[in-house]
Amino acid sequence: MTREEFNAFCSGLQATNHVVQWGNADVWKVGGKVFAICGWNDGKDAFTFKATDLAFEVLRDEPGIRPAPYLASRGMKWLQVYETCGMNDSSLRDHIVTSYDLVVAKLTKKMRAELQV
């Protein structure tokens, strides 16, 4: 997946917004909360997302995937796909949707109603 494909995919999810921050990273949010990031890998595209507990345990040691720098070191279950061998595009899209769903589930009922998610 390219950065452009990543941004196009994330923009298609309901009620998302995009900001560029943290050293030119593309950061995608829903309800003001981050669910996906492209950046943070020495100038190369790397894709970061929130993971379920099971996905974090299973994937964190796979080639091309690691606990996300900064986020995972703070005890959060975030993964980063930093090499093309790490995950195919379809799986990456599935994990981004799961990340989005995990973040939406943590929003208040009022916020979910306002965003219609």
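Our subject is the structure listed above.
Treat the numbers as computed from the prediction; the structure is a model and nothing was measured.

Each value, and the rule that gives it
- Residues numbered from 1 in each chain as written.
- Predicted model: local features only at pLDDT ≥ 70, side-chain atom pairs only at ≥ 80, totals over all residues.
- Heavy atoms only, no water.
- Helix = DSSP H or I, 4+ residues; strand = E, 2+ residues; numbered from the N terminus.
- Rg over C-alpha atoms; globule rule 2.2 N^0.38 Å.
- Buried < 20%, exposed > 50% of the residue type's maximum accessible area, 1.4 Å probe, protein only.
- Contact = heavy atoms within 4.5 Å.
- Areas by Shrake-Rupley, 256 points an atom, 1.4 Å probe, with all protein chains shown as cover.
- Lys, Arg positive; Asp, Glu negative; His and termini not counted.
- Charge placed at Lys NZ, Arg CZ, Asp CG, Glu CD.
- Salt bridge = Lys/Arg side-chain N within 4 Å of Asp/Glu carboxyl O.
- Pairing = 2+ DSSP bridges.
- Axes fitted to C-alpha atoms, helices over the stretch in contact; angles between N-to-C directions.
- Core = buried A, V, L, I, M, F, W, Y, C linked by side-chain atoms within 4.5 Å.

We now examine the overall build of the chain. When its secondary structure is counted, the chain shows four helices and six strands. The secondary structure elements of the chain, listed N-terminal to C-terminal, are α-β-β-β-β-α-β-β-α-α. Relative to its length of 117 residues, the chain is compact, with a C-alpha radius of gyration of 13 Å against a globular reference of 13 Å. Expressed as lengths along the three principal axes of its C-alpha atoms, the size of the chain is roughly 40 × 30 × 25 Å. By residue count, 39% of the 117 residues in the chain fall in the buried class. A fraction of 47% describes how many contacts in the chain between residues 6 or more apart in sequence connect residues 24 or more apart. Accessible surface, the chain as shown: approximately 6,500 Å² in total, 50% of it carbon and sulfur. Mean positive and mean negative side-chain charge positions of the chain (14 and 14 charges, respectively) differ by 11 Å.

Moving on, we come to the pattern of salt bridges. What the rule picks out here adds up to four salt bridges. Close ionic contact of Asp26 with Arg3 constitutes a salt bridge, the shortest N to O distance being 2.7 Å. Highlighted residues: Asp26 in strand 2 (residues 25–30) and Arg3 in helix 1 (residues 3–11), separated in sequence by 23 residues. Relative accessible area serves as the criterion here: at 18%, Arg3 is assigned to the buried category.

Strand pairing in a sheet relies on backbone hydrogen bonds. The paired strands run either parallel or antiparallel. Pairing is antiparallel across the open sheet formed by six strands, whose spatial order is 1-2-3-4-6-5. Each edge of the open sheet carries a strand with a single partner, namely strand 1 (16–21) and strand 5 (65–67). The mean inter-strand angle of the sheet, taken between neighbouring strand axes irrespective of direction, is 25°. Of the strands in this sheet, strand 1, strand 2, strand 3 (33–38) and strand 4 (47–50) are in contact with helix 1, which crosses strand 2 at around 10°.

As a further point, take the pairing of strand 3. Most of strand 3 is tucked away: five of the six residues are buried. Taken together, the five bridges between strand 2 and strand 3 define a ladder with antiparallel strand orientation. Residue pairing in the sheet places Val30 in a bridge with Lys33 of strand 3. The turn joining strand 2 and strand 3, which pair antiparallel and follow one another in sequence, is formed by two residues; a positive phi near 60° is taken by Gly31. Sheet topology note: the strand 3/strand 4 ladder contains three bridges and is antiparallel. Paired with Cys38 across the bridge in strand 4 is Phe47.

To continue, consider the nonpolar core. Ranked by size, the top nonpolar core spans 24 residues in total, and within it Phe6, Phe35 and Ile96 carry the most contacts. The element best represented in this core is helix 3 (residues 89–106), accounting for five residues. In this structure, Ile96 is in contact with Phe6, Phe9, Cys10, Leu13, Phe35 and Ala36, ignoring residues within four places of it in sequence. By size, the runner-up hydrophobic cluster in this structure holds seven residues, among which are Ala25, Val27, Ile37 and Trp78.

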